[in-house]
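# Chain and residue survey
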Amino acid sequence: MTKTLIMAVSLVLLTTGAAVRTTAPASAQALPAGQRAAPPVTFHKDVLPLLQKNCQSCHRPGQIGPFSMLTYKDARPWAKAMKQAVITRAMPPWFADPGYGHFNNDRSLKQADIDTIVAWVDQGAPEGDAHAAPPPIAWPEGGWQIAPDVSVDLPPYPVPARGIVEWERVAFPAPFKEDTWVTSVEILPGVPAVVHHMCFGFQKHKETTPYNEYQWMEVPRDENGNMQKVDGTTTGPLNGVVLSRTAGSTEVKRRIGRPEVFDEGTNEFCYLPGLPYEDYRPVHAGVFVPAGSDMIVSLHYTATGLAVTDKSRIGFTVTKTPPAKTFVPQDGAEGDNPPVARKQANASLAIPPYANDFPGPMAEVAFLKDVELVWFRPHAHVRGKTVRYTLVYPDGREETLLYVPRYNFNWQLTYRTSVKIPKGAKMRVQFTYDNSTANKYNPDPGRWVRYGGQSWEEMGTPNMGFLIDRGADVNGVLLER
Ligand code: HEC
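Calculation criteria
Residues numbered from 1 in each chain as written. Predicted model: local features only at pLDDT ≥ 70, side-chain atom pairs only at ≥ 80, totals over all residues. Heavy atoms only, no water. Helix = DSSP H or I, 4+ residues; strand = E, 2+ residues; numbered from the N terminus. Buried < 20%, exposed > 50% of the residue type's maximum accessible area, 1.4 Å probe, protein only. Contact = heavy atoms within 4.5 Å. Areas by Shrake-Rupley, 256 points an atom, 1.4 Å probe, with all protein chains shown as cover. Axes fitted to C-alpha atoms, helices over the stretch in contact; angles between N-to-C directions. Parallel < 35°, antiparallel > 145°, perpendicular 65-115°, else oblique. Left-handed = near helix turned anticlockwise from the far one by under 90°. Nonpolar A, V, L, I, M, F, W, Y, C, P; charged D, E, K, R; others polar. Salt bridge = Lys/Arg side-chain N within 4 Å of Asp/Glu carboxyl O. Phe/Tyr/Trp six-rings, centres within 6.5 Å; stacked < 30°, edge-to-face > 60°. pLDDT = per-residue confidence, 0-100.

Scanning the chain from terminus to terminus reveals 5 helices and 28 strands. In the chain, which comprises 481 residues, the share counted as buried stands at 53%. Put simply, of all contacts in the chain between residues at least 6 apart along the chain, 80% involve residues at least 24 apart. For the chain, the computed accessible surface area is about 20,900 Å², with 55% contributed by carbon and sulfur atoms.

Below, the discussion takes up the packing of helix H4 (residues 79–87) against helix H5 (residues 111–122). In contact at an axis separation of 9 Å, H4 and H5 are set at 150° when each is read in the N-to-C sense. When the axis of H4 is compared with that of H5, the two are roughly antiparallel. Here H4 and H5 pass one another in a crossing that is left-handed. Of the residues in H5, those touching H4 at Ala79, Lys80, Met82, Lys83, Val86 and Ile87 are Ile114, Ile117, Val118, Trp120, Val121 and Asp122. Partitioning the contact of H4 with H5 into residue classes produces 9 nonpolar, no polar and 3 charged.

What follows is about the pattern of salt bridges. The final tally for this structure, using the stated rule, is 12 salt bridges. Across the pair glutamate 278 and arginine 377 runs a salt bridge, and its minimum N-O distance is 3.2 Å. Taken together, the residues span a long stretch of sequence, with glutamate 278 in strand E10 (residues 278–279) and arginine 377 in strand E20 (residues 371–380) at a distance of 99 residues. Accessibility expressed as a relative area gives 2% for glutamate 278, which makes it buried. Taking the shortest distance from any N to any O, the salt bridge between glutamate 364 and lysine 343 comes out at 4.0 Å. In this pair, glutamate 364 is assigned in strand E19 (residues 363–367) and lysine 343 in strand E16 (residues 340–343), connecting sequence segments 21 residues apart. Exposure remark for lysine 343: the relative accessible area of 58% places this residue in the exposed category. Taken together, the shared-partner salt bridges connect Lys343, Glu364, Glu398 and Arg428 into one network.

Before going further, it helps to spend a moment on the packing of aromatic side chains. Counted according to the given criterion, the structure contains 22 aromatic pairs. When the ring of tyrosine 100 is compared with that of tyrosine 403, the centres are 6.1 Å apart and the planes differ by 85°; the resulting orientation is edge-to-face. Residue tyrosine 100 is found in the loop between H4 and H5, and its partner tyrosine 403 is found in strand E22 (residues 398–404); the two are separated by 303 residues along the sequence. The interplanar angle of 90° and the centroid separation of 5.5 Å between the aromatic rings of phenylalanine 200 and phenylalanine 202 together place this pair among those described as edge-to-face. Here phenylalanine 200 and phenylalanine 202 have matching classes, each one buried.

In low-pLDDT regions, the fine details of the predicted coordinates are not to be read closely. Confidence in the prediction for the chain averages 83 pLDDT; 82% of positions are at 70 or higher. In the model, residues 230–237 has pLDDT below 50 throughout and makes 20 contacts with residues more than four positions away in sequence or in other chains. Long-range and interchain partners of residues 332–336, a stretch whose pLDDT sits below 50, account for 15 contacts in this model, where long-range means more than four residues apart.

So this is what it looks like as structure tokens:
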């Protein structure tokens, strides 16, 4: 994987809170509850089960939702906002067009569920009989979603009250002394409000990899903020001013060169708001981590007005018995991970001023092996408008597997699926961009926008995750270990 991708994930500017949703709600025509002879709708009997299933994963203490929905007392003051959020389908965050594909983590509300919440609010949001409530969900201890067998505590990270915190990378030894199959992974942010993203990947240890040293780049830019050509490429810094800081120290060192920990991909596993843990146990898969591997972590913190110290943790479940399948993330600007090859003329991306529906360079991902596609995680920046994944079978038949009609930069969602893809098939991935004034996230409609890692630049990265049979020979790389 390459620098480009790292930046793609690193520079995500996940704004929260201020978003005012504008959508054409499918449910706007739903009958006001008052016009139906429906029985009274109460919190405990009717609404709480929906909140447990679709909302509480984020809306409970310590999670990313701005208020709790565990109890009537918590939720009641937000009743009107809840109605608004569900009829506009701003909540729960889910942007796939239901007309395409099948997603096993689809958390969008059914129309009947929306109608229930609307009816409840329209009836004055009554509490009802507490005995009618379902038992509370036993959310995992300590904020974890998985019960990890092994966990790593990242060094405490002081996040200032104000200013821009650059995206950084840091290496640690992985916590496995022996060859290990990892079957689930969770990144648990210490202070979710300041963790905009955190991703990591495993890497074979190199002599040159420093541990516990945060490294980041000073990116040369022109007066418009466009990334300058460095080392003959526009897609990312290869050489430049490297800034670094040892964990626990505030002293920043500066040198010209190449950051050691920028060489390999780090987005195998990510925490992003709305992105749950990775769990391969239900699909009998795992990720092989050779003894003595390193973890390269990429971090993007955000100042929120309050200085805090983040203590994030990374947890794993592991097995000694090799699972039947191996998980393979696919990405990198060149997409050179087996078992796929990606072609995409990223450097040619140039979105004209005020263009409101501009197609970016199409990505074409060729499948060199039979694979099972298990997730999509499309990534663009604030001008991202739509994305479509179309599978072209070897016989030429085409099928749209995911269409996101309103891509939202604030939510880096993973769409989980299960699609068997034969060798010889191709995935075409088309992003479109809105550089017009109609895009409320657009910081500057009057400028040309080119490919780059900053949020005011653009990208269109068709991240996907695959399973392949353990033991499969991929591009001459035997995955049996
Ligand atoms: C994946 C996490 C997640 C889920 C699931 C989720 N929310 Fe949210 N919700 C958030 C976050 C984060 C915010 C604050 C940022 C924003 O508004 O985008 C928010 C904001 C809200 C707001 C406040 C909007 C405003 O006016 O500022 C409401 C109301 C809300 N959610 C209702 C719901 C309801 C109802 C559900 C379930 C049907 C739900 N949410 C599911 C994460 C989530």
